[in-house]
Amino acid sequence: MSGDASATDGGSLAPLEVAGSVAVVTGGANGIGRGIVRALLEADATVVVADVEQDVLDTTVAALSASHPGRISGVVTDVSDDDSTDALADHVFAAHGRCNLLFNNAGVGSGGGGRMWTHEPNDWRWCYSVNVFGVANGIMSFVGRMLQSGEPGHVVNTSSGDGGFAPVPNAGVYASSKAAVSCLTEALAHQLAEDSDLVGASVFYPSGGLMDTGLFTSQRNRPAELERVRGGTGRSSMTFQQMKDLLEKAGRDVKVADLDEMGRWVVECTARRQYLIGRDLESTVDLLHRRANAIGALDLPPHHQMGL
Ligand SMILES: NC(=O)c1ccc[n+]([C@@H]2O[C@H](COP(=O)([O-])OP(=O)(O)OC[C@H]3O[C@@H](n4cnc5c(N)ncnc54)[C@H](O)[C@@H]3O)[C@@H](O)[C@H]2O)c1
């Protein structure tokens, strides 16, 4: 038994030694996940990159193998499919004997923004299958084995300020999937604190600027069986540039995040077992106080202010 029931950090968990550890990063072929992969390699971990997009995965692994030979490999994985995440875990434990760090990072947009009644069931199914079941499948395939291995370990689930803290109303499908990630991670961290002195969990809120990643084009990975069939009119995802223009037009000072620097920060926070991995949270904390006050007054809580 480690930590008390209200612990917000790693409780009594010792800091994790990243050097020499074995790490798995889902959705690690691109974007934020690739920044985490780079940081793990720089910190001397061995990394298995799991991604559904074979060509991008091959390119990333080949590029990073050149500077880190023998310490990176790729496994084509669809996190929405529990057989696929089980096969990934089988591979990792057979090849490396352990998994110390699991980053459940793969995620997709929802098929864009718009009123939720203008979406159709397949928009919700696709978004939830990757963003919610993808994380749940990672937990079910890995955590029992991580605990059994007797090795120090940590699970980091990627949420979003959109939903994880408060919804951006016009991105309600995505927001609600990320609310699930934040909630399930909190429960996981409490369960692990009760059951283990070695394995913990954290939730990661990508933050520190606008992120130029493939999330804006995540439709590229939408499976044919979850395409729209009912003529849903919810907006398709906008591009990074469109989002940047929109925010600038709304008078925001848009800073573009450095994904490699973000990856290093995530790995440092993970190593010290920080529960909530987020930054620039001043306005979020203020929003959460106002939300708590509204809930206490039985009112509709204020939403996330991002100009979507
Ligand atoms: N970009 C942002 O502004 C932002 C903000 C907050 C949270 N996030 C979250 O960060 C995470 C990473 O997203 P990103 O912005 O780097 O986007 P990205 O598209 O660049 O990266 C996501 C990766 O996940 C992979 N992927 C998609 N579906 C998959 C599946 N079924 N199985 C396995 N891999 C799959 C993609 O191929 C891609 O490599 C996501 O969970 C996203 O929701 C992103």
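Since this is a predicted model, take the numbers as computed values, not measurements.

Calculation rules
Residues numbered from 1 in each chain as written. Predicted model: local features only at pLDDT ≥ 70, side-chain atom pairs only at ≥ 80, totals over all residues. Axes fitted to C-alpha atoms, helices over the stretch in contact; angles between N-to-C directions. Helix = DSSP H or I, 4+ residues; strand = E, 2+ residues; numbered from the N terminus. Parallel < 35°, antiparallel > 145°, perpendicular 65-115°, else oblique. Left-handed = near helix turned anticlockwise from the far one by under 90°. Contact = placed C-beta atoms within 7 Å. Core = buried A, V, L, I, M, F, W, Y, C linked by C-beta atoms within 7 Å. Buried ≥ 20, exposed ≤ 12 C-beta atoms within 10 Å, placed from the backbone. Near = placed C-beta within 6 Å. Pairing = 2+ DSSP bridges. pLDDT = per-residue confidence, 0-100. Nonpolar A, V, L, I, M, F, W, Y, C, P; charged D, E, K, R; others polar. Right-handed = clockwise from strand over helix to strand, strands pointing away.

### As for the packing of helix 4 (residues 121-131) against helix 7 (residues 172-195)
Part 1 of the argument: Between helix 4 and helix 7, the least distance of the axes is 10 Å, while the angle of their chain directions is 30°. Judged by the inter-axis angle, helix 4 sits roughly parallel to helix 7. Every pair of crossing elements has a handedness; the one defined by helix 4 and helix 7 is right-handed. Residues Asp123, Trp124, Cys127, Tyr128 and Asn131 of helix 4 form the contact with helix 7, whose participating residues are Val173, Tyr174, Ser177, Lys178 and Val181.

### Concerning the nonpolar core
Part 1 of the argument: The biggest cluster of nonpolar side chains holds 52 residues, and the ones touching the most others in it are Ala23, Val24, Val25, Ile36, Leu40, Val47 and Val49.
Part 2 of the argument: Every residue in contact with Val25, bar those within four places of it in the chain, is listed here: Gly33, Ile36, Val37, Val47, Val49, Ala50, Phe103 and Asn105.
Part 3 of the argument: In terms of nonpolar packing, the next biggest core, distinct from the first, is built from ten residues, Ala106, Cys127, Val130 and Val173 among them.

### A word on the site of the ligand
Part 1 of the argument: Lining the immediate surroundings of the ligand are 30 residues, of which Gly27, Gly31, Gly107, Thr213 and Gly214 lie closest.
Part 2 of the argument: A per-element tally of the shell around the ligand places helix 1 (residues 31-42) first, with three residues.

### Section: the sheet that holds strand 2 (residues 46-51)
Part 1 of the argument: Here we have seven strands laid out as an open sheet, ordered 3-2-1-4-5-6-7, and parallel in their pairing. The two strands at the open ends of the sheet, each matched to only one other strand, are strand 3 (72-76) and strand 7 (276-277).
Part 2 of the argument: With five bridges joining them, strand 2 and strand 3 adopt parallel strand pairing. Its bridge partner lying in strand 3, Asp51 is registered against Val76.
Part 3 of the argument: The strands touched by helix 2 (residues 54-67) are strand 2 and strand 3; relative to strand 3, the strand with the most contacts, the crossing angle is about 175°.

### So, the environment of Gly114
Part 1 of the argument: Note that Gly114 resides in the loop between strand 4 (101-104) and helix 4.
Part 2 of the argument: The exposure class assigned to Gly114 is buried, which follows from the 20 C-beta atoms found within 10 Å.
Part 3 of the argument: Along the chain, Gly114 and Gly234 lie 120 residues apart, while their C-alpha atoms are 4.9 Å from each other.
Part 4 of the argument: Setting aside residues up to four positions removed in sequence, Gly114 forms contacts with His119, Asn170, Gly234 and Arg235.

### Considerations on unusual backbone geometry
Across residues other than glycine, the phi torsion is negative in most instances, and most of the peptide bonds are trans.
Part 1 of the argument: Positioned with a positive phi, Arg273 is a non-glycine residue whose angle comes to about 65°.
Part 2 of the argument: Relative to the assigned elements, Arg273 resides in the loop between helix 9 (259-271) and strand 7.
Part 3 of the argument: Classification of Arg273 as buried rests on a count of 21 C-beta atoms within 10 Å.
Part 4 of the argument: One non-glycine residue with positive phi stands out, namely Asp280, at about 55°.
Part 5 of the argument: In this structure, Asp280 sits in the loop between strand 7 and helix 10 (282-296).

### Considering the environment of Pro69
Part 1 of the argument: Positionally, Pro69 belongs in the loop between helix 2 and strand 3.
Part 2 of the argument: By the C-beta count within 10 Å, which is 8 here, Pro69 ends up exposed.
Part 3 of the argument: Sequence separation between Pro69 and His289 is 220 residues; the distance between their C-alpha atoms is 48 Å.

### Overview of the confidence of the model for the protein
Part 1 of the argument: In the predicted model, the protein carries a mean pLDDT of 93, and the fraction of residues at 70 or more is 95%.
Part 2 of the argument: A low-confidence stretch, residues 1-10 stays under pLDDT 50, and its non-local contacts, those more than four residues away or across chains, total 19 contacts.

### Observations regarding the packing of helix 3 (residues 82-96) against helix 5 (residues 133-149)
Part 1 of the argument: The N-to-C vectors of helix 3 and helix 5 enclose an angle of 30°; their axes lie 8 Å apart at closest approach. Considered as vectors, helix 3 and helix 5 are oriented roughly parallel to each other. Of the two elements, helix 3 crosses helix 5, and the hand of that crossing is right-handed. In this structure, helix 3 uses Asp82, Thr85, Asp86, Leu88, Ala89 and Phe93 to contact helix 5, whose residues at the interface are Asn137, Gly138, Met140, Ser141, Phe142 and Arg145.
Part 2 of the argument: A breakdown of the residues in the contact of helix 3 with helix 5 according to their chemical character gives five nonpolar, four polar and three charged.

### Things to note about the pairing of strand 2
Strand residues, when the strand is regular, have side chains that alternate between the two faces of the sheet.
Part 1 of the argument: By the criterion of burial, strand 2 is predominantly enclosed, with six of the six residues buried.
Part 2 of the argument: Burial of strand 2 is two-sided: the residues Thr46, Val48 and Ala50 facing one way and the residues Val47, Val49 and Asp51 facing the other way are all buried.
Part 3 of the argument: Note on the crossover from strand 1 (residues 22-26) through helix 1 to strand 2: the handedness is right-handed.

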